[in-house]
Amino acid sequence: MKTLKDVSIGESALVRKLNSVGPNRRRLLDMGLTKGVKVTVRKLAPLGDPIEITLRGYELSLRKSDAELIEVE
């Protein structure tokens, strides 16, 4: 299983599944991280956290702990 955390800078991936429940899942869905959406990793912070991604025409920063919950292909 590959997660968003494993995607390298400049690579794109498709979201397959969110491995989260409750309010955290709702928050990720509200940010546009739904099944089938294409995400591109743009950059990492100097210490590796957070990760900046592009999806649906906007940039989004996610913690590594949240990126681990997002399965991609």
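Notes on the structure in this doc start here. (Residues numbered from 1 in each chain as written. Predicted model: local features only at pLDDT ≥ 70, side-chain atom pairs only at ≥ 80, totals over all residues. Heavy atoms only, no water.)

Structural notes on the nonpolar core
- Residues Leu-4, Leu-33, Val-39, Ile-53, Leu-62 and Ile-70 are the most contacted members of the largest nonpolar core, which totals 19 residues.
- Only strand 2 (12-18), strand 3 (38-44), strand 4 (51-55), strand 5 (58-62) and strand 6 (70-72) provide two or more residues apiece to this core.
- Not counting chain neighbours up to four residues away, the residues in contact with Ile-53 comprise Leu-4, Leu-33, Val-39, Thr-40, Val-41, Arg-42, Tyr-58, Glu-59, Leu-60 and Leu-62. (Core = buried A, V, L, I, M, F, W, Y, C linked by side-chain atoms within 4.5 Å. Buried < 20%, exposed > 50% of the residue type's maximum accessible area, 1.4 Å probe, protein only. Helix = DSSP H or I, 4+ residues; strand = E, 2+ residues; numbered from the N terminus. Contact = heavy atoms within 4.5 Å.)

Some details on the pairing of strand 3
- Sheet topology note: the strand 2/strand 3 ladder contains three bridges and is antiparallel. Counted as the bridge partner of Ala-13 is Val-39 from strand 3.
- Counted along the chain from strand 3 to the antiparallel partner strand 4, the turn is six residues long, and its residue Gly-48 has a positive phi close to 90°. (Pairing = 2+ DSSP bridges.)

Comments concerning the pattern of salt bridges
- In this structure the tally under the stated criterion is seven salt bridges.
- One continuous salt-bridge network, built from bridges that share partners, spans Arg-27, Arg-63 and Asp-66. (Salt bridge = Lys/Arg side-chain N within 4 Å of Asp/Glu carboxyl O.)

Here we look at the pairing of strand 2
- Sheet topology note: the strand 2/strand 6 ladder contains three bridges and is antiparallel. Note that in strand 6 the partner of Val-15 across the bridge is Val-72.

Brief notes about the sheet that holds strand 6
- Here six strands make up an open sheet; going across it, the order is 1-6-2-3-4-5 and the pairing antiparallel. If you trace the sheet from one side to the other, it starts and ends with strand 1 (2-3) and strand 5, each paired once.
- In this sheet, strand 5 lies alongside strand 4 in antiparallel orientation, the contact comprising five bridges. Counted as the bridge partner of Thr-54 is Glu-59 from strand 5.

Structural notes on the side chain of Glu-71
- You can see Glu-71 is positioned in strand 6.
- No salt bridge forms around the buried Glu-71; measuring N to O, its nearest opposite-charge neighbour Lys-17 is 4.5 Å away.
- A distance of 2.8 Å separates polar atoms of two side chains, one belonging to Glu-71 and the other to Asn-19.
- The residues contacting Glu-71, other than those within four sequence positions of it, are Met-1, Lys-2, Thr-3, Leu-14, Val-15, Arg-16, Lys-17 and Asn-19. (Lys, Arg positive; Asp, Glu negative; His and termini not counted. Polar contact = N/O pair within 3.5 Å; in protein donor to acceptor, adjacent residues only side chain to side chain.)

As far as function goes, none of this settles anything; it's purely spatial.
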